[in-house]
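Understanding the architecture of this molecule
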Amino acid sequence: MKRRVSVRTLYAYLKGRESIELLERDILPLKEDEVLVEATQASICDADLRAYRGMYMPGDLPSFEYIGHEGGGVVVDVGAKVTRFLVGDRVMAFGPVNTLSSLFKSAEDFLQPVPDNLTMKQGCLGEPTAVGLFGLFESGAQLGDLVLVAGLNYQGHIVAQGFKKMSCEVIVVDYSGRHLELAKQRGADIVVNSHEINSVAHIRGITNGRGVDVAFHSCGYWNPHAEEYFNLCAELVRDEGIM
């Protein structure tokens, strides 16, 4: 196959605090282990928002200048040593590859194939979905446990539904009536609006002071409710429970 020698891409560049520019650059050449992807969809993560707002970023995270680590697309070219992907394959990104671009390139190891039974839109949500599922599988929740999910971001909705699939009783707390209604529709047993009632007192009453077996915090660290919901979990998890 004849190698591409020049391809221009439009990409989002985080110039500084609350300053994003749409720029153009030549994205080639590809390294031997890289894949060139035409983006279908990209998501904005809590960490992206934190970087955009100029908040503290942990030192072990990569630079967020070339923003976007969630999303996916269709392979349009591959490096000479790429073995897992071919042109035309559908892929989802799992790493800092600047997915907020018309075209992005990625190391082969930062990509996963989109399963045939998923739409491309669903596949592009692979990374944030995996975050929620990993938390669910590592939670230690058991059949019949009473579980609190504090915060109904994307992962919060994922784990709330997952805990129900595990035959747990699920309490969800959030400040958005719309998010709480969706959680109720998806099977949550008890919904608590933290803007309307004292969540700690209400849930202590529901549990007769015992607390919950598992408390799952799912409120992005850019969110002004993050600390409140973390403390909520710490207060409501029972003795020898899991948080």
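So, how was this worked out
- Counting of residues starts from 1 at the beginning of each chain's written sequence and follows it residue by residue.
- Local features in a predicted model are, by the rule used here, given only for residues with pLDDT of at least 70; side-chain atom pairs are given and counted only at 80 or more, and totals for whole chains, interfaces and linings are based on all residues.
- Hydrogens and water are ignored here; the side-chain numbers use all heavy atoms of the structure.
- All axes are obtained by fitting lines to C-alpha atoms, using only the stretch in contact for helices, and the reported angles, taken between N-to-C directions, cover 0 to 180 degrees.
- Starting at the N terminus, helices and strands are each numbered in turn, a helix being any DSSP run of H or I of at least four residues and a strand any DSSP run of E of at least two.
- Should an angle lie under 35 degrees it is considered roughly parallel, over 145 roughly antiparallel, and from 65 to 115 roughly perpendicular; all remaining angles are considered oblique.
- Left-handed describes a crossing in which the near helix is turned anticlockwise from the far one by less than a right angle; the clockwise case is right-handed.
- Contacts: residue pairs with any heavy atoms within 4.5 Å of one another.
- Under the grouping applied here, Gly and all other residues not named as nonpolar or charged are polar, the nonpolar ones being Ala, Val, Leu, Ile, Met, Phe, Trp, Tyr, Cys and Pro and the charged ones Asp, Glu, Lys and Arg.
- One less than the number of residues in a helix, times 1.5 Å, gives the span that helix is expected to have.
- Exposure classes here rest on a 1.4 Å probe applied to the protein chains alone. A residue is buried below 20% of its type maximum, exposed above 50%, and partly exposed in between.
- Points on a 1 Å grid, built from protein atoms alone, make a cavity when a 1.4 Å probe fits but cannot get out and make a pocket when they are open with protein on both sides within 12 Å along at least 5 of 7 lines; residues with an atom within 4 Å of a point are the lining residues.
- Grid points are joined across faces, edges and corners, and a volume is the space filled by probe spheres set on the points.
- Two strands pair if DSSP finds at least two bridges between them.
- A right-handed crossover is one whose linking path, passing over the helix from the first strand to the second, runs clockwise when the strands point away from the viewer.

**Focus: the packing of helix α3 (residues 126–137) against helix α4 (residues 154–165)**
Where α3 meets α4, the axes come as close as 9 Å, and the angle between the chain directions of the two elements is 45°. Of the possible angle classes, the one that applies to α3 and α4 is oblique. Crossing geometry of α3 relative to α4 is assigned as right-handed. Here α3 contributes Pro-128, Thr-129, Val-131, Gly-132, Leu-133 and Leu-136 to the contact with α4, which in turn contributes Tyr-154, Gln-155, Ile-158, Val-159, Gly-162 and Phe-163. Its residues assigned to classes, the contact of α3 with α4 shows eight nonpolar, four polar and no charged.

**Some remarks on α3**
For α3, built from 12 residues, the straight-helix expectation of 16 Å at 1.5 Å per residue is met to within 8% by its first-to-last C-alpha distance of 16 Å. Every buried residue belonging to α3 is among Gly-126, Glu-127, Pro-128, Thr-129, Gly-132, Gly-135 and Leu-136, and all of these are buried.

**Here's the deal with the layout of surface pockets**
Empty space within the largest pocket amounts to approximately 560 Å³. Lining the largest pocket are 21 residues, and of these Cys-45, Asp-46, Val-131, Asn-153 and Gln-155 lie nearest its centre. The residue makeup of the lining of the largest pocket, split by class, is 11 nonpolar, seven polar and three charged. Quantified by volume, the second largest pocket comes out at close to 290 Å³. The biggest single contributor to the lining of the second largest pocket is strand β6 (residues 103–107), with four residues. Per-class residue counts for the lining of the second largest pocket are eight nonpolar, three polar and four charged.

**What to know about unusual backbone geometry**
Here Leu-28 and Pro-29 are connected by a cis peptide whose omega angle stands at 10°. Of note, Pro-29 is situated in the loop between β2 (19–26) and β3 (34–43). At Glu-240, a position not held by glycine, the phi torsion is positive, near 60°. Checked against the element boundaries, Glu-240 lands in strand β12 (residues 237–242).

**Remarks on the packing of helix α6 (residues 199–206) against helix α7 (residues 226–236)**
The contact between α6 and α7 brings their axes to 10 Å, and the two run at 25°. In terms of axis orientation, α6 runs roughly parallel to α7. Seen along the crossing, α6 lies across α7 with a hand that is right-handed. Of α7, the residues touching α6 (which contributes Ser-199, Val-200, Ile-203 and Arg-204) are Leu-232, Glu-235 and Leu-236.

**With respect to empty space enclosed by the protein**
A full pass over the atoms with the stated rule returns one cavity of 30 Å³ or more. A volume near 40 Å³ is recorded for the largest cavity. Looking at the largest cavity, the residues that line it are His-157, Ala-160, Gln-161, Ala-183, Arg-186 and Ala-188. Considering every element that reaches the lining of the largest cavity, the biggest residue donor is α4, with three residues. The residue makeup of the lining of the largest cavity, split by class, is three nonpolar, two polar and one charged.

**Here we look at the pairing of strand β9 (residues 169–174)**
When you tally the buried positions in β9, you get five out of six residues, the bulk of the element. Inspection of the sheet shows strand β8 (residues 146–150) paired to β9 by five bridges, in the parallel sense. By the bridge assignment for β9, Leu-148 is matched with Ile-171. A crossover connection joins β8 to the parallel β9 through α4; in handedness this β-α-β unit is right-handed. Here β9 runs beside strand β10 (residues 190–193); their pairing, made up of four bridges, is parallel. Bridged to Ile-171 within β10 is Ile-190. Taking the sense of rotation as the criterion, the β-α-β connection linking β9, helix α5 (residues 177–185) and β10 turns out right-handed.

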